[in-house]
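Chain residues, written in single-letter form:
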Amino acid sequence: MLPVQILKDNAQEERGEHARLSTFVGAIAIGDLVKSTLGPKGMDKILISGTPDHQNIKVTNDGATILKSIGVDNPSSKILIDISMTQDHEVGDGTTSVTVLAAELLREAEKLVAQRIHPQTIITGYRQALKIAQEALKESAIESGANLREDLLKIARTTLGSKILSQHSDHFSELAVDAVLRLKGTGNLESINIIKKLGGSMAESYLDEGFLLEKLPGHAQPRRVENPKILIANTPMDTDKVKVFGSKVRVDSVAKVAEMEVAEKEKMKDKVDKILSHKCDVFINRQLIYNYPEQLFADAKVMAIEHADFEGIERLALVLGGEIVSTFDSQETVKLGTCALIEEVMIGEDRLMRFSGVPLGEACSVVLRGATQQILDEAERSLHDALCVLVTHIKEAKTVAGAGASEILMSSAVAIGAQKVAGKVALAIESFARALAQLPTIICDNAGLDSAELVTQLRAEHAKGNHKMGLDIENGIVADVAAMGIIESFNVKMCMLSAAAEAAEQVIRVDNIIKNAPRQRVKDNRPC
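Residues numbered from 1 in each chain as written. Predicted model: local features only at pLDDT ≥ 70, side-chain atom pairs only at ≥ 80, totals over all residues. Heavy atoms only, no water.

> Requested: an account of the overall build of the chain, with residues and values cited.
A count of helical and extended segments in the chain gives 15 helices and 21 strands. Projected onto its principal axes, the C-alpha coordinates of the chain cover approximately 95 × 75 × 45 Å. Evaluated residue by residue, the chain yields a buried proportion of 48% over its 528 residues. Sequence-distant contacts, at least 24 apart, represent 76% of the contacts inside the chain between residues at least 6 apart. Only carbon and sulfur atoms are counted for the fraction: they give 51% of the accessible area of the chain, which is about 26300 Å². For the chain, the centre of its 61 positive side-chain charges and the centre of its 73 negative side-chain charges are spaced 5 Å apart. (Helix = DSSP H or I, 4+ residues; strand = E, 2+ residues; numbered from the N terminus. Buried < 20%, exposed > 50% of the residue type's maximum accessible area, 1.4 Å probe, protein only. Contact = heavy atoms within 4.5 Å. Areas by Shrake-Rupley, 256 points an atom, 1.4 Å probe, with all protein chains shown as cover. Lys, Arg positive; Asp, Glu negative; His and termini not counted. Charge placed at Lys NZ, Arg CZ, Asp CG, Glu CD.)

Okay, structure coming up:
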């Protein structure tokens with residue numbers, strides 16, 4: 001009998017070894033792409049998008065940013081990109097590590113499949129190895145206790161050590177820890193506003209205890225208001241001109257046009273009067289404020305700030321204790337915001353509005369300075385990663401040793417566990433241990449060090465029970481990294497380990513790839 005075709009003509013199908021090879025190759029390629037950025041001596045990537053005339057250039061070594069910016073067609077590659085995005089959203093750091101570990105697990109699985117070991121056997125071994133690694137990591141974790149601030153500083157330095165801010169890691173660590181401790185455990189990063197200003201050096205970046213808004217009040221309006229009542233709105237203030245698009249208005253004289261303009265002005269004046277009836281000293285609107293209402297606010301000695309983008313007024317409503325309103329008929333239902341002082345300040349050559357003494361005491365602004373826009377963008381990404389890691393650590397204040405110590409600790413524990421298991425599953429457990437040991441190996445390779453020498457020394461130290469020993473990349477030796485202050489958040493490391501193992505398991509399960517036929521476009525034969 002002839003084979004029965006159940007798929008459409010243009011549909012594609014890969015089965016068995018071909019499908020498995022395709023998934024493995026795609027995922028491993030993604031790992032190879034980002035692994036050169038791993039560690040304190042990792043290299044950067046230049047990402048170019050847009051047209052030749054309007055190119056958008058990013059210079060970064062952040063795994064999530066790199067993977068988010070590249071377009072891939074391979075389904076297993078997209079799985080690794082997704083786990084990198086998840087790691088970024090959950091804990092903020094470890095985006096490169098999770099991708100590289102998942103790729104190394106798949107590289108080891110590919111070797112096992114080549115030895116005719118069934119994928120389900122590999123998955124069983126990986127699950128057992130994951131449990132052993134998680135237990136080893138939990139046992140090595142240390143509670144921060146009374147040393148929370150000191151641990152936060154060390155974690156911030158470790159996180160920033162592989163970023164563009166590494167040369168100023170002490171300064172930015174203090175800055176990040178001060179900002180996070182102001183949150184008082186809420187973990188609401190919306191309260192921390194990051195402002196980027198070209199010029200100066202990165203060392204000139206600072207934490208401002210006020211809330212900064214990159215907007216200015218209108219002409220002839222107050223530039224400084226003490227103890228103001230602030231009305232935050234999202235309403236059109238530009239209807240002082242006739243705006244009926246696609247329509248025509250016919251009049252029989254110029255006087256009629258003047259009457260229409262007067263009617264429009266009266267309508268706008270009524271709206272401004274309603275706003276002023278709330279007895280507010282400051283009016284902040286998401287949308288534009290045209291010349292006529294701006295003049296009315298100036299006459300009433302009210303500061304009016306226009307075009308505060310949606311993210312801006314959302315944050316302002318949060319930190320000022322007010323609510324965003326769109327209608328002004330009912331004064332009782334409108335909640336005004338307050339603060340101690342609104343004033344105009346200069347940063348570099350730019351003027352901004354500073355809100356001091358806001359009701360939400362944890363609100364603050366971080367002002368980043370830098371020579372180029374690319375440096376500022378990368379500095380913002382690096383600082384955001386550090387802030388996310390610190391907030392995650394405060395939720396469960398446990399630390400583990402960094403600089404490859406935790407990976408070798410888990411690898412050694414898994415390798416010992418493999419000796420207690422009989423059958424082919426033991427081979428998969430050993431492969432898991434080898435994949436974990438690849439992370440410190442790659443860190444050494446990226447620094448131009450002898451990875452074989454250092455990793456074997458590290459493994460020997462851990463075999464003797466010295467589980468705080470890790471890689472001192474600056475001096476190219478094995479050292480007590482906990483004593484050096486190179487520690488990481490337990491949550492970040494655990495999330496990285498679990499996510500990489502789960503993603504690898506998902507890819508290993510695949511034995512068939514089916515691409516649906518593209519939808520055929522039917523030619524439109526209707527007459528024009």
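Next comes the rest of the description.
> Can you break down the pattern of salt bridges residue by residue, with the values?
In the structure shown here, the tally under the stated rule is 32 salt bridges. Ionic pairing is found between K111 and E108, a salt bridge with its closest N-O pair at 3.7 Å. Pair noted here: K111 and E108 are both in helix α4 (residues 95-114), with a separation of 3 residues, about one helical turn. When its relative accessible area of 45% is taken as the criterion, K111 is described as partly exposed. One network of salt bridges, with partners in common, ties together D208, R224, E226, E343 and R354. (Salt bridge = Lys/Arg side-chain N within 4 Å of Asp/Glu carboxyl O.)

> Summarise the pairing of strand β19 (residues 477-480); cite the residues concerned and give the values.
Inspection of the sheet shows strand β18 (residues 469-472) paired to β19 by 4 bridges, in the antiparallel sense. Within β19, the position partnered with M469 by the bridge is D480. The hairpin formed by β18 and β19 contains 4 residues between the paired strands, and G476 there has a positive phi angle of roughly 70 degrees. (Pairing = 2+ DSSP bridges.)

> Would you mind going over the environment of H467 in detail, with residue names and values included?
Its location among the elements puts H467 in the loop between α14 (451-463) and β18. The spatial distance from the C-alpha of H467 to the C-alpha of V345 is 51 Å, given a sequence separation of 122 residues. Once you skip the residues sitting within four places of it in the chain, H467 turns out to touch A405, L409 and H462. At 3.3 Å, the side chain of H467 and the side chain of H462 are in polar contact. (Polar contact = N/O pair within 3.5 Å; in protein donor to acceptor, adjacent residues only side chain to side chain.)

> How would you sum up the state of the cysteines? Please name residues and give values.
Under the criterion given, the structure shown has 0 disulfides. Unpaired in this structure, C364 has its nearest cysteine sulfur neighbour in C388, at a distance of 14 Å. Under the relative-accessibility criterion, C364 is labelled buried at 0%. (Disulfide = S-S within 2.5 Å.)

> Kindly report on the packing of aromatic side chains, identifying the contributing residues and their values.
Scanning the model with the defined rule gives 3 aromatic pairs in all. When the ring of Y126 is compared with that of F432, the centres are 5.5 Å apart and the planes differ by 75 degrees; the resulting orientation is edge-to-face. In this pair, Y126 is assigned in helix α5 (residues 119-140) and F432 in helix α13 (residues 425-446), connecting sequence segments 306 residues apart. Here Y126 falls in the buried class, since its relative accessible area comes to 3%. With a centroid separation of 5.1 Å and an interplanar angle of 20 degrees, the aromatic rings of F283 and F297 are classed as stacked. One end of the pair, F283, is in strand β10 (residues 282-285); the other, F297, is in helix α9 (residues 291-299), and 14 residues separate them in sequence. Across the pair, F297 and F283 agree in class, each one buried. An aromatic cluster of three or more residues is present, and its members are F283, F297 and F328. Directly above the ring of Y292 sits K265, whose terminal nitrogen or CZ lies 5.0 Å from the centroid. (Phe/Tyr/Trp six-rings, centres within 6.5 Å; stacked < 30°, edge-to-face > 60°. Lys NZ or Arg CZ within 6 Å of the ring centre and 35° of its normal.)

> Tell me what's going on with α14, and back it up with residues and numbers.
Along an α-helix, residues three or four apart share an orientation, since each turn contains 3.6 residues. Helix length check: α14, at 13 residues, gives a terminal C-alpha distance of 18 Å against a target of 18 Å (1.5 Å per residue), a fit within 8%. Here α14 has its buried residues at S451, L454, V455, L458 and H462. One face of α14 carries all of its buried residues, which in axial projection span an arc of 95 degrees. Turned more than 90 degrees away from the buried face of α14 sit A452 and A463, all of them exposed. For α14, the N-terminal cap is D450; the gap from its side-chain oxygen to the backbone nitrogen of A452 is 3.4 Å. (Expected span 1.5 Å × (residues − 1). Arc of directions from axis to C-beta.)

> Tell me what's going on with the nonpolar core, and back it up with residues and numbers.
Across soluble globular proteins, nonpolar side chains have a tendency to be buried as a group. The biggest cluster of nonpolar side chains holds 69 residues, and the ones touching the most others in it are L101, L106, I122 and F432. Here this core takes 12 residues from α13, the largest share from any one element. Listed in part, the 30 residues of the second largest apolar core include A156, V177, A179 and A379. (Core = buried A, V, L, I, M, F, W, Y, C linked by side-chain atoms within 4.5 Å.)

> Summarise a nonpolar patch on the surface; cite the residues concerned and give the values.
A contiguous nonpolar patch, built from V249, V251, V257 and M260 and spanning about 280 Å² of accessible area, is present on the exposed surface. When you line up the elements, V249 lands in the loop between β9 (229-233) and α8 (254-276). (Patch = residues over 30% accessible without salt bridge, like charges linked within 9 Å, V, L, I, M, F, W, Y side chains within 5 Å.)

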